[in-house]
Amino acid sequence: MTIRYNAVMNDLKTGGIAVIDFGSQYTQLIARRIRELGVYSEVYAHSSSAAHINRHRPTGYVLSGGPSSVYDVDAPQLPAFLHEVDRPILGICYGMQLLTAAQGGEVAPASQREYGPAAISHKPVSPLFSGLDAELQVWMSHGDRIESLPPGYRPLAASDNSPFAAIGDLERNRYGVQFHPEVRHSPDGSAILGNFLFRICRCAPKWSAAAFIDDAVSRIQAQVGGERVLLALSGGVDSAVAGALIHRAIGERLTCIFVDHGMLRMGEAEDVARVFRDEGGMNLLAVNAVEDFLSALAGVTEPEAKRKTIGALFVERFAEEARKLQGIRFLAQGTIYPDVIESAADGASAKTIKSHHNVGGLPADLHFELIEPLRDCFKDEVRQIGQALGLPEAIIWRQPFPGPGLAIRCLGELSWARLEKLRAADAIFTGELAAAGLLRAGTAQSFAVLLPVKSVGVMGDKRSYEEVLALRSVTTDDFMTADWARLPQDLLARVSARIVNEVPGINRVVYDITSKPPATIEWE
């Protein structure tokens, strides 16, 4: 497949903040928190070139945390251009230690590590803490500490174990904090980041859903001109919002292909046709490929093999339909920013968490230029954009759903009967959560998992030997860490009773009480 990117300059991105990643699990959170304050922020690998990091002319830089110690031989180093740059810098945890070591200070192992909540006291001499109480609760996660400051720096805050919990060179606008202002466990973290953005960097808060839509529509129109666009529509929020955005820009010149692989939740295939074709007026081609997918997945039980089988067959069926269409130059995808980061798209130092294929790897005879209008957006921003575009709540707040769908929630070998069993049980669980007002407000993601395990039961005074179903419900702000939801016992009892009574083939229901980490949110 030949894909060419046709970038159009986006003024919304200029004058924002470049976040330089040194391997922290919280790096994405830094960028998200900055965007929540109305300023564009983008993540770059520390090994990226100065030209790449500065491509949007950032007003300032944030150095992330990381797992290394600055005195290790192979530790990531401060990018050379930052030694001389005249724009503000904020180092967080490892970023602060790196800034210290690079400019002449000393970093050493701490005699007592700090992990978790801590209290700091700050001195009212810095715009970084302007307007905040003298005593603050923050979240620490470090085993090293600063022993001596570089020339020109002064202490700005201290904790019991860190005499330099925050430091700054106020003349050069260089700042560092040992704690993590980006996490919710630092209650005043957003205010501290806001002070860096607006008091120190003098950023303009111009990043919003409405501004993004206006800008994206203009960019799509400039890129597409009078040509036609093809979109792979899954019905999920990302492709749905991408479709609505492109449809606003070019109208009927957008054609959507929806491939029903049989792994969707109850009623979702019908909802896609109703919302996008019947109500939204889009050109939608719905392809029923259920039998093809079930045949290809027969005997496949390993989760990655399921993913690859589904991905390859999806590409095959999508390409088959695309060949029937004439005169289409552009291919659109619902790729979002975490997909880009998690696929390690921005530098060798990034760790691949999982692969996001969308419809990549199309055959060589299909030549498209690629449009990814949401490539720079986080999931919460995508939802805000969808709301501003007028998409239905059921689409915007659709529960997170993996690309392979129920194939990786139906553990073991797949069959239509097992998928139908899982669909029915999942609908009961999420339906009861919705009725209790807990599907959105009280939980972040909830679903059922059908296990390849059978248990003995007693039903109708007879022995039963049927499958086990696990329920999973988590709370999280960012999906990078998550805790199991403390659902009411009477709700769980009602869900269990309904499932074993209404769904043939299940005689036992269990509730997953494992947090992330050590588990993941999905089972496979």
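Here is what the cut-offs are and how they apply
Residues numbered from 1 in each chain as written. Predicted model: local features only at pLDDT ≥ 70, side-chain atom pairs only at ≥ 80, totals over all residues. Heavy atoms only, no water. Helix = DSSP H or I, 4+ residues; strand = E, 2+ residues; numbered from the N terminus. Buried < 20%, exposed > 50% of the residue type's maximum accessible area, 1.4 Å probe, protein only. Contact = heavy atoms within 4.5 Å. Areas by Shrake-Rupley, 256 points an atom, 1.4 Å probe, with all protein chains shown as cover. Lys, Arg positive; Asp, Glu negative; His and termini not counted. Charge placed at Lys NZ, Arg CZ, Asp CG, Glu CD. Pairing = 2+ DSSP bridges. Expected span 1.5 Å × (residues − 1). Salt bridge = Lys/Arg side-chain N within 4 Å of Asp/Glu carboxyl O. Polar contact = N/O pair within 3.5 Å; in protein donor to acceptor, adjacent residues only side chain to side chain. Core = buried A, V, L, I, M, F, W, Y, C linked by side-chain atoms within 4.5 Å.

A. Representation of the overall build of the protein. Broken down by element type, the protein carries 14 helices and 19 strands. Buried residues in the protein amount to 55% of all 524 residues. Of all intrachain contacts in the protein linking residues separated by at least 6 positions in sequence, the fraction that spans at least 24 positions is 75%. When the accessible surface of the protein is split by element, carbon and sulfur atoms take 50% of a total near 22000 Å². If you average the places of the 52 positive and of the 62 negative side-chain charges in the protein, the two averages end up 1 Å apart.

B. Highlighting the pairing of strand S14 (residues 328–332). Most of S14 sits inside the fold, with 4 of its 5 residues counted as buried. Sheet topology note: the strand S11 (residues 228–232)/S14 ladder contains 4 bridges and is parallel. Opposite Val 229, over in S14, you have Phe 330 as the bridge partner. Looking at chain direction, S14 and strand S15 (residues 367–371) are connected through 3 bridges and run parallel. Considered in S15, the bridge of Leu 331 is made with Leu 370.

C. Up close: helix H9 (residues 303–323). Here H9 is 21 residues long and its end C-alpha atoms lie 30 Å apart, about the 30 Å a rise of 1.5 Å per residue gives. Among the residues of H9, those classed as buried are Lys 306, Ile 310, Gly 311, Leu 313, Phe 314, Val 315, Arg 317, Phe 318, Ala 319, Glu 321 and Ala 322.

D. Quick look at the pattern of salt bridges. Using the criterion set out here, one finds 31 salt bridges in the structure. The salt bridge partner of Arg 35 is Glu 381, with a shortest N-O separation of 2.8 Å. With Arg 35 in helix H1 (residues 27–36) and Glu 381 in helix H11 (residues 379–389), this pair connects stretches of sequence that are 346 residues apart. Judged by its relative accessible area of 3%, Arg 35 is buried. The exposure class of Glu 381 is buried, given its relative accessible area of 8%. Here Arg 317 and Glu 321 are joined by a salt bridge, their closest N and O atoms 3.9 Å apart. Taken together, the residues span about one helical turn, with Arg 317 and Glu 321 both in helix H9 at a distance of 4 residues.

E. Structural view of helix H7 (residues 268–279). Looking only at H7, the buried set comprises Glu 268, Ala 269, Val 272, Ala 273, Val 275 and Phe 276. Just downstream of H7 lies Gly 281, where phi reads positive at about 70°.

F. Layout of the side chain of Arg 265. Following the sequence through the fold, Arg 265 ends up in the loop between strand S12 (254–260) and H7. Residue Arg 265 is classed as buried on the basis of its relative accessible area of 10%. Of the polar contacts made by the side chain of Arg 265, one reaches the backbone oxygen of Gln 399; its length is 3.1 Å.

G. Spatial organisation of the pairing of strand S17 (residues 462–475). The pairing of strand S16 (residues 445–459) with S17 spans 12 bridges and is classified as antiparallel. Looking at S17, one finds that Val 449 is bridged to Ala 470. Linking S16 to S17, which pair antiparallel, is a turn of 2 residues; within it Gly 460 sits at a positive phi near 65°. Where S17 meets strand S19 (residues 506–511), 5 bridges bridge the pair, whose relative direction is parallel. Directly across from Leu 471, in S19, lies its bridge partner Tyr 511. Relative to strand S18 (residues 483–484), S17 is paired through 2 bridges, and the arrangement is antiparallel. Directly across from Thr 475, in S18, lies its bridge partner Asp 483.

H. Main features of the nonpolar core. Leu 374, Leu 471 and Ile 499 are the most contacted members of the largest nonpolar core, which totals 94 residues. Here the element with the most residues in this core is helix H6 (residues 237–250); it accounts for 9 residues. Not counting the four nearest positions on each side in its chain, Leu 374 is found in contact with Phe 212, Asp 238, Val 241, Ala 242, Leu 245, Thr 335, Ile 336, Tyr 337, Val 382 and Ile 385. Val 43, Phe 129, Leu 132 and Ala 166 belong to the second largest nonpolar core, which has 36 residues in total.

I. Summary view of unusual backbone geometry. Cis geometry is adopted by the peptide bond preceding Pro 517, which originates at Lys 516 and carries an omega value of -15°. Examined against the element boundaries, Pro 517 turns out to sit in the segment after S19. Following Pro 517, the chain continues to Pro 518 via a peptide bond in cis, the omega torsion being 15°. Residue position: Pro 518 is located in the segment after S19. Here the phi dihedral of Cys 93 falls at roughly 55°; this positive angle occurs in a residue that is not glycine. By relative accessible area, which is 5% here, Cys 93 ends up buried.

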